[in-house]
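Chain by chain, the residues run as shown.
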Protein chains: 2
Amino acid sequence: MTDLLIRNLRPLGASATDMLIRDGRIAELASGINASGVPVEEAGGAIAIPGLVEAHTHLDKTVMGMEWYENAVGTDLRAMIDNERRARRQLGLDPARQSMRHALALVGNGTTHIRSHVDVDIVNGLSVLEGVLDTREALRGIVEIEIVAFPQSGLMIRPGTLELLDQAMVAGADLVGGLDPCGIDRDPKGHLDAIFGLADKHGRGIDIHLHEPGEMGAFSLELILERTAVLGMKGQVAISHAFCLGMPDWTRVEGLLSELAEQDVAILTTGAPSREVPAVKRVLGVGLRMGAGCDGVLDTWNPWNRPDMLDRARIVAQKNNMRADADLALVLAVCSTGGAAVMGVAGHGLEPGCNADLALIPGRTLAEAVATGGPVLMTVKGGRVTGRDGKPLREVS
Amino acid sequence: MTDLLIRNLRPLGASATDMLIRDGRIAELASGINASGVPVEEAGGAIAIPGLVEAHTHLDKTVMGMEWYENAVGTDLRAMIDNERRARRQLGLDPARQSMRHALALVGNGTTHIRSHVDVDIVNGLSVLEGVLDTREALRGIVEIEIVAFPQSGLMIRPGTLELLDQAMVAGADLVGGLDPCGIDRDPKGHLDAIFGLADKHGRGIDIHLHEPGEMGAFSLELILERTAVLGMKGQVAISHAFCLGMPDWTRVEGLLSELAEQDVAILTTGAPSREVPAVKRVLGVGLRMGAGCDGVLDTWNPWNRPDMLDRARIVAQKNNMRADADLALVLAVCSTGGAAVMGVAGHGLEPGCNADLALIPGRTLAEAVATGGPVLMTVKGGRVTGRDGKPLREVS
């Protein structure tokens, strides 16, 4: 079903109109459209927004639908990494099943695109990636999943990982991942040379986790910028978290942002409440692409995150002390078109010609819809209804 | 109905048992209790916790159930204050009706006790207080409401306010409030002498909003401590927010905490995601009483907060980077028994002899229940069922 007529929706909260979808794209927006033979959905005056984009998550980590995971690990990053690698096996965490549960929950909550990091390490090899690749294939037409081959356990500190990342790119990963070149991998030059080399070899982009705060993170960020420039990878690199951009030194951050803008490096935020984070308005203000994500959901790391980009909009906005209606609309844009821009999705919008990827949300104004937080009334992907009332239509298989 | 038998509940997640309530107090916890003539509720293995305590909110501010309030104010504290004072009248914000909506929503979400600040200012006089006093009276037996007479618009900068606060204490307010003696009221000595004088005159406690960060907040805090000691008000003063205790200078904060402990000053947190906040474990670690609150809910200040202490537990925990199961239980305790200790509620627990004030929440373990975030299955106040499935039983009148 790629033709669909949706009656009585309000694009971004504007006046009610009908939307005709042909061949998975938005063909027309007008009142009282007639299109015989085309299935009809009644939106009841709901607000339409471009499909939500989960631009930073880990589909391979969740324990959703399994026994409650009792977390006694604490919050040291390296301890959490080691714990998870062991727990994967002990818990029998099936990456195909779990990633499908997670992805479908996102679909129910209005998501049409996902960028997921997927662990690649010398204990689990490519088995985790293979499971998520299965889910990506199974959910084709329901949600688009972009995969980052992610050296979660470290790269230089665990020889053999680089070769596995290389194989992951051949096996179907879209981007090369990286992780705290100083803080975790203890060899910033080695780490960044390795992942940039791999990205260059495969002609793919990079999305690197950078939790490193303050000057350490700024140092790693500079090394990333140097390699981006030298390899001509402008517009192909994203930095997830980028906590260092939240440091208090205004002039230092200004300089970094200016260099990031020069290389068109994208920023992905989770609005981590307990950390210094990049300010949304400041990042957007220098023209950078910015998306958001829920990060891992109900996993061995964290019990708090939910597979719900409206919930994430609230968290990012609260962290950024955003309260005004205009700011609520802005943070929602980060969670939809912003993430799409980072992922390089063309035609993500509500204008004729755009992909018919959208979500219908309840509320009189866009701000009210964001503050209320759903549930999303309907998710549409390529003209196909994929979710209703916060639930995906496709069952987990 | 102050006698009740609840079958098959699990106190704090322990094994299932029955709870017999007599005359509004917990009489017995045992399996297979027989109590003929006593009404019976089946808990179905739900976890029982002491009633949730909303220890920092503003019942008089919410626009719940009214038209969506379009916020174009921004985030400057004084602008928000001035905007709200005007908006009260423009919106026709009825303090009795709105405080009842807010309080009952809290009841549905497991709350048995509320401490609310209520605005007293020279524009609105005591009219706002009178509305909330009406709600307190109307909800007697359903939820206990403690009222802080709160000079939201400033005290020294708005002559006549002190006299109104004095009248508020006579009219039924329980505590004297205060607000940023430097940042808002521009006269720390004048402000603190005034509110401590009033508290001393009426023999009541103080709960002061202290948003002031860093050294400014620490200075105000020292002035509060001096007056607490001199007036012999040990154990009768609470500081809400206390953002200055989140400043990075570890030794400075250590000194302040030690002095706060000496005067048994309580700390109330909202876990404000965009601010530096007092660390829960650190505050508890020096033996201070600590409670939490949702702050204003859906008002002219902020669209994000919800009248839901389980939601607040999540926000406080995320801000504190708490992830482990034991920490989830700790933050829940802050949101129930912690707040009760700040409010001076005796017998707030699940042991025989305690008040039968409790909430039944879904989950296999306490941590899962907190992470899931409800809805609360049942709220019980003095042995009376006041809420079911996240909804209050009493209607707004």
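Parameters at a glance
- Residues numbered from 1 in each chain as written.
- Chains lettered and ligands numbered in written order.
- Predicted model: local features only at pLDDT ≥ 70, side-chain atom pairs only at ≥ 80, totals over all residues.
- Heavy atoms only, no water.
- Helix = DSSP H or I, 4+ residues; strand = E, 2+ residues; numbered from the N terminus.
- Rg over C-alpha atoms; globule rule 2.2 N^0.38 Å.
- Buried < 20%, exposed > 50% of the residue type's maximum accessible area, 1.4 Å probe, protein only.
- Contact = heavy atoms within 4.5 Å.
- Areas by Shrake-Rupley, 256 points an atom, 1.4 Å probe, with all protein chains shown as cover.
- Lys, Arg positive; Asp, Glu negative; His and termini not counted.
- Charge placed at Lys NZ, Arg CZ, Asp CG, Glu CD.
- Pairing = 2+ DSSP bridges.
- Axes fitted to C-alpha atoms, helices over the stretch in contact; angles between N-to-C directions.
- Buried area = accessible area lost by both parts, 1.4 Å probe.
- Salt bridge = Lys/Arg side-chain N within 4 Å of Asp/Glu carboxyl O.
- Polar contact = N/O pair within 3.5 Å; in protein donor to acceptor, adjacent residues only side chain to side chain.
- 1 Å grid on protein atoms, 1.4 Å probe; cavity = no way out; pocket = protein on both sides within 12 Å on 5 of 7 lines; lining within 4 Å.
- Points joined across faces, edges and corners; volume = space filled by probe spheres on them.

If you check an unreviewed UniProt entry, chain A appears there as Cytosine/adenosine deaminase from Roseovarius azorensis.

Any chance you could explain the overall build of chain A here in plain terms?
Check the secondary structure of chain A and you find 11 helices and 17 strands. For a compact globule of 397 residues, the expected C-alpha radius of gyration is about 21 Å, and chain A comes in at 20 Å, within 12% of that figure. C-alpha extents for chain A along the principal axes are approximately 60 × 50 × 40 Å. Buried positions account for 63% of the 397 residues belonging to chain A. For chain A, long-range pairs separated by at least 24 residues make up 75% of all intrachain contacts whose partners lie at least 6 apart in sequence. Here chain A displays about 13400 Å² of accessible surface, and carbon together with sulfur accounts for 51% of that area. For chain A, the distance from the average position of its 38 positive side-chain charges to the average position of its 51 negative side-chain charges is 2 Å.

Would you explain the environment of lysine 189 of chain B in this entry?
Position of lysine 189 of chain B among the secondary structure elements: in helix H5 (residues 188-202). Between the alpha carbons of lysine 189 of chain B and asparagine 302 of chain B there is a distance of 30 Å; along the sequence they are 113 residues apart.

What am I meant to see in the sheet that holds strand E6 (residues 52-57) of chain B here?
Whether parallel or antiparallel, the strands of a sheet pair through hydrogen bonds between backbone atoms. All names here are of chain B. In space, the 8 strands of this open sheet follow the order E6-E7-E8-E9-E10-E11-E12-E13, with parallel pairing throughout. Each having just a single partner strand, E6 and strand E13 (290-292) make up the two edges of the open sheet. Here the strands of the sheet are splayed against their neighbours by 25 degrees on average, with no regard to which way each runs. Pairing analysis gives 7 bridges linking strand E7 (residues 111-119) to strand E8 (residues 144-150), with the strands arranged parallel. Looking at E8, one finds that aspartate 119 is bridged to phenylalanine 150. Packed on one face of the sheet, helix H2 (residues 95-108) meets E6, E7 and E8 and runs near 155 degrees to E7. Against the sheet, helix H3 (residues 127-138) contacts E7 and E8, and its axis sits at roughly 170 degrees relative to E8.

What's the story with the interface of chain A and chain B in this structure? I'm lost.
Interface extent is often summarised as the accessible area lost during association of the parts. The interface of chain A with chain B comprises 39 residues on the first partner and 38 residues on the second. Broken down residue by residue, the surface that chain A buries against chain B is led by Trp68, Trp304 and Arg323 of chain A, which jointly contribute 27%. Scanning the region where chain A abuts chain B turns up 4 salt bridges. The partner of arginine 314 of chain A in a salt bridge is aspartate 311 of chain B, and the shortest N-O contact between them spans 2.7 Å. The interface formed by chain A and chain B contains 19 residue pairs in polar contact (both at pLDDT 80 or more). Those elements that place two or more of their residues in the side of chain A that touches chain B are helix H9 (309-319), helix H10 (325-343) and helix H11 (366-372) of chain A. With 7 residues, H9 of chain A is the single largest residue contributor to the side of chain A that touches chain B.

Got a minute to help me understand the pairing of strand E1 (residues 4-11) of chain A in this structure?
Residues and elements named next belong to chain A. Of all 8 residues in E1, 6 are buried; the element is thus mostly enclosed. Remark: 5 residues form the turn of the hairpin made by E1 and strand E2 (residues 17-22), two consecutive strands paired antiparallel; leucine 12 in that turn has positive phi of roughly 50 degrees. Where E1 meets strand E5 (residues 47-50), 2 bridges bridge the pair, whose relative direction is parallel. Pairing of arginine 10 across the sheet is with isoleucine 47, part of E5.

Any chance you could explain empty space enclosed by the protein here in plain terms?
Over the atoms, a rolling probe the size of a water molecule traces out where space has been left empty. Across all of its chains, the model carries 4 cavities of 30 Å³ or more by this definition. Space inside the largest cavity adds up to approximately 80 Å³. Around the largest cavity, the lining residues are Pro273, Arg314, Ile315, Gln318 and Lys319 of chain A together with Pro273, Arg314, Ile315 and Gln318 of chain B. Those elements giving two or more residues to the lining of the largest cavity turn out to be H9 of chain A together with helix H9 (309-319) of chain B.

How do you make sense of the pattern of salt bridges when you look at a structure like this?
Where charged atoms from two side chains of opposite charge approach closely, those side chains can pair. What the rule picks out here adds up to 52 salt bridges over all chains. Here aspartate 193 of chain A and lysine 189 of chain A are joined by a salt bridge, their closest N and O atoms 2.7 Å apart. Pair noted here: aspartate 193 of chain A and lysine 189 of chain A are both in helix H5 (residues 188-202), with a separation of 4 residues, about one helical turn. Residue classification places aspartate 193 of chain A among the partly exposed residues on the basis of a relative accessible area of 34%. With relative accessibility at 54%, the residue lysine 189 of chain A sits in the exposed group. In this structure, the salt-bridge partner of arginine 289 of chain B is aspartate 264 of chain B, at a minimum N-O distance of 3.1 Å. On the criterion of sequence distance, the pair formed by arginine 289 of chain B in the loop between helix H8 (280-285) and E13 and aspartate 264 of chain B in the loop between helix H7 (250-262) and strand E12 (266-269) is long-range, its members being 25 residues apart. Of the residues examined, arginine 289 of chain B reaches a relative accessible area of 17% and is grouped as buried. Each of Asp60, Lys61, Glu84, Arg88 and Asp119 of chain A takes part in a single network of salt bridges with overlapping partners.

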